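Below, each chain spelled out in residue letters.
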Amino acid sequence: MARKPLVAGNWKMNLNHLEAIALVQKIAFALPEKYYAKVDVAVLPPFTDIRSVQTLVDADKLSLAYGAQDLSPQDSGAFTGDISGPMLAKLGCSFVTVGHSERRAIHGETDELVNKKVKAALKHGITPILCVGEELAVREAGEHLAHTRDQLIEGLKGLKTEQVQAVVIAYEPVWAIGTGKVATAADAEEVCKSLRGTLSEKYGDEVATAVRVLYGGSVKSGNVSELVAADNIDGALVGGASLDGEEFTKLCALAAGGPLP
Ligand SMILES: O=C[C@H](O)COP(=O)(O)O
């Protein structure tokens, strides 16, 4: 089964709502409609931008999807500062990243919490992009496959098979995020293949074949083609390069198999 590639731009804590509108307009203008038949494109702005992005996407009937970078495991209540699944669903979010390494490291998110967030996203019809990835020391110790396998198993714990089918996985080696050190396509493929193998072992071949596994970590227009050419890499979770409209558009077009617009 051919999996349609997904390119998701994780803006992290960048761009206010006015800048968000400008960037989405730029992408919409630069990436012709025909590319969306070959690649799904999503932007993941900060919470404060989502309403503006929604309004623009709806008004201009853009094919671009959008989502958030995190969500609360709770639906509502006394959780100061948190944003819930129902709030994101109401804003038309299609995706939400869960367990990004920056949240694991800076906010101390555990696999248990990540698992609750995956469930919260699914409960509200939002596709979780479950992020896994090893720190440099783990890779140097040769433990990267075991480490990412554990994160995957814990992140999906308790889900029904059909729910797992609705999840996107993103392999992001921590040492490659924002550092300019992209994993080689062979390194990335090794882990993505192993993650798919784990999906097959736990949930069966049909699920493993259907689930999209993305790579993230210093992806740019200059390296995306080689990455998505690998059998088990179905797109990219892009940080820095997603903030530049021209670069992001190029990257999406190349992930679609080209040519450049
Ligand atoms: O979510 C995206 C990743 O953290 C990758 O970020 P980067 O492309 O800036 O390395």
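Residues numbered from 1 in each chain as written. Predicted model: local features only at pLDDT ≥ 70, side-chain atom pairs only at ≥ 80, totals over all residues. Heavy atoms only, no water.

Caption draft 1: The arrangement of the overall build of the protein chain in detail. Helix and strand counts for the protein chain stand at twelve helices and eight strands. Expected size for 261 residues packed as a compact globule is a radius of gyration near 18 Å; at 17 Å, the protein chain falls within 12% of this value. Along the first, second and third principal axes, the C-alpha set of the protein chain runs to 50 × 45 × 35 Å. Residue burial in the protein chain is summarised as follows: out of 261 residues, 52% are buried. Within the protein chain, contacts between residues at least 6 apart in sequence are counted, and of these 74% link residues at least 24 apart. A total of about 11,400 Å² of accessible surface is found on the protein chain, and carbon and sulfur atoms cover 54% of it. Where the 26 positive side-chain charges of the protein chain centre and where its 33 negative ones centre are 4 Å apart. (Helix = DSSP H or I, 4+ residues; strand = E, 2+ residues; numbered from the N terminus. Rg over C-alpha atoms; globule rule 2.2 N^0.38 Å. Buried < 20%, exposed > 50% of the residue type's maximum accessible area, 1.4 Å probe, protein only. Contact = heavy atoms within 4.5 Å. Areas by Shrake-Rupley, 256 points an atom, 1.4 Å probe, with all protein chains shown as cover. Lys, Arg positive; Asp, Glu negative; His and termini not counted. Charge placed at Lys NZ, Arg CZ, Asp CG, Glu CD.)

Caption draft 2: View of the UniProt feature "binding site: substrate" (unreviewed entry) in the protein chain. In the UniProt entry, the feature "binding site: substrate" (unreviewed entry) is given for Asn10, Trp11, Lys12, Gly178, Ser218, Gly239 and Gly240. In terms of the greatest pairwise C-alpha distance, the residues named above, spread along 231 residues, form a tight cluster of at most 13.8 Å across. Here Asn10 shows up in strand 1 (residues 6–10). Leave out the neighbours within four places in its chain, and Asn10 touches Leu44, Gln69, His100, Leu237, Val238, Gly239 and Ser242. Polar side-chain contacts of Asn10 include one of 3.0 Å to the backbone nitrogen of Lys12. (UniProt positions renumbered as here; feature names shortened; annotations may be inferred. Polar contact = N/O pair within 3.5 Å; in protein donor to acceptor, adjacent residues only side chain to side chain.)

Caption draft 3: Looking closely at the pairing of strand 5 (residues 127–132). The buried count for strand 5 comes to six of six residues, which makes it a mostly enclosed element. Side chains of strand 5 alternate between two faces, with Thr127, Ile129 and Cys131 and Pro128, Leu130 and Val132 buried alike. Taken together, the four bridges between strand 4 (residues 95–98) and strand 5 define a ladder with parallel strand orientation. In the sheet register, Val98 faces strand 5, and the bridge partner there is Leu130. (Pairing = 2+ DSSP bridges.)

Caption draft 4: Representation of the environment of Glu143. The residue Glu143 is located in the loop between helix 6 (136–140) and helix 7 (144–156) in this model. Expressed as a C-alpha distance, the spacing of Glu143 and Ile27, which sit 116 residues apart in the sequence, is 39 Å.

Caption draft 5: A look at the site of the ligand. Neighbouring the ligand are Asn10, Lys12, His100, Glu172, Ala176, Ile177, Gly178, Gly217, Ser218, Leu237, Gly239 and Gly240. Within the backbone of Gly239, one N or O atom sits 2.9 Å away from an oxygen atom of the ligand. In the environment of the ligand, an oxygen atom lies 2.8 Å from a nitrogen or oxygen atom belonging to the backbone of Gly240. For the shell around the ligand, the class distribution of residues is three nonpolar, seven polar and two charged. (Near = heavy atom within 4 Å. Nonpolar A, V, L, I, M, F, W, Y, C, P; charged D, E, K, R; others polar.)

Caption draft 6: How the structure looks around the sheet that holds strand 8 (residues 235–238). Read once around its circumference, the closed barrel built from eight strands follows the order 1-2-3-4-5-6-7-8, with strand pairing classed as parallel. This sheet shows a mean twist of 25° between the axes of neighbouring strands, independent of strand direction. Here strand 5 runs beside strand 6 (residues 168–171); their pairing, made up of four bridges, is parallel. When the sheet's bridge partners are listed, Cys131 is paired in strand 6 with Ala170. Relative to strand 3 (residues 65–68), helix 2 (residues 47–59) is tilted by about 165°, and along the sheet it contacts strand 2 (40–44) and strand 3. Helix 5 (residues 111–123) rests against strand 4 and strand 5 of the sheet, and its axis sits at about 160° to strand 5. (Axes fitted to C-alpha atoms, helices over the stretch in contact; angles between N-to-C directions.)

Caption draft 7: The arrangement of the pattern of salt bridges in detail. Counting across every chain of the model gives 15 salt bridges. The partner of Arg3 in a salt bridge is Asp234, with the nearest N and O atoms 2.9 Å apart. Taken together, the residues span a long stretch of sequence, with Arg3 in the segment before strand 1 and Asp234 in the loop between helix 11 (224–228) and strand 8 at a distance of 231 residues. On the basis of relative accessibility, which here comes to 6%, the residue Asp234 falls in the buried class. The residue Arg212 makes a salt bridge to Asp40 at a minimum N-O spacing of 2.8 Å. One end of the pair, Arg212, is in the loop between helix 10 (205–210) and strand 7 (213–216); the other, Asp40, is in strand 2, with 172 residues separating them in the sequence. With a relative accessible area of 15%, Arg212 lands in the buried category. Each of Asp70, Arg103, Glu109 and Lys117 takes part in a single network of salt bridges with overlapping partners. (Salt bridge = Lys/Arg side-chain N within 4 Å of Asp/Glu carboxyl O.)

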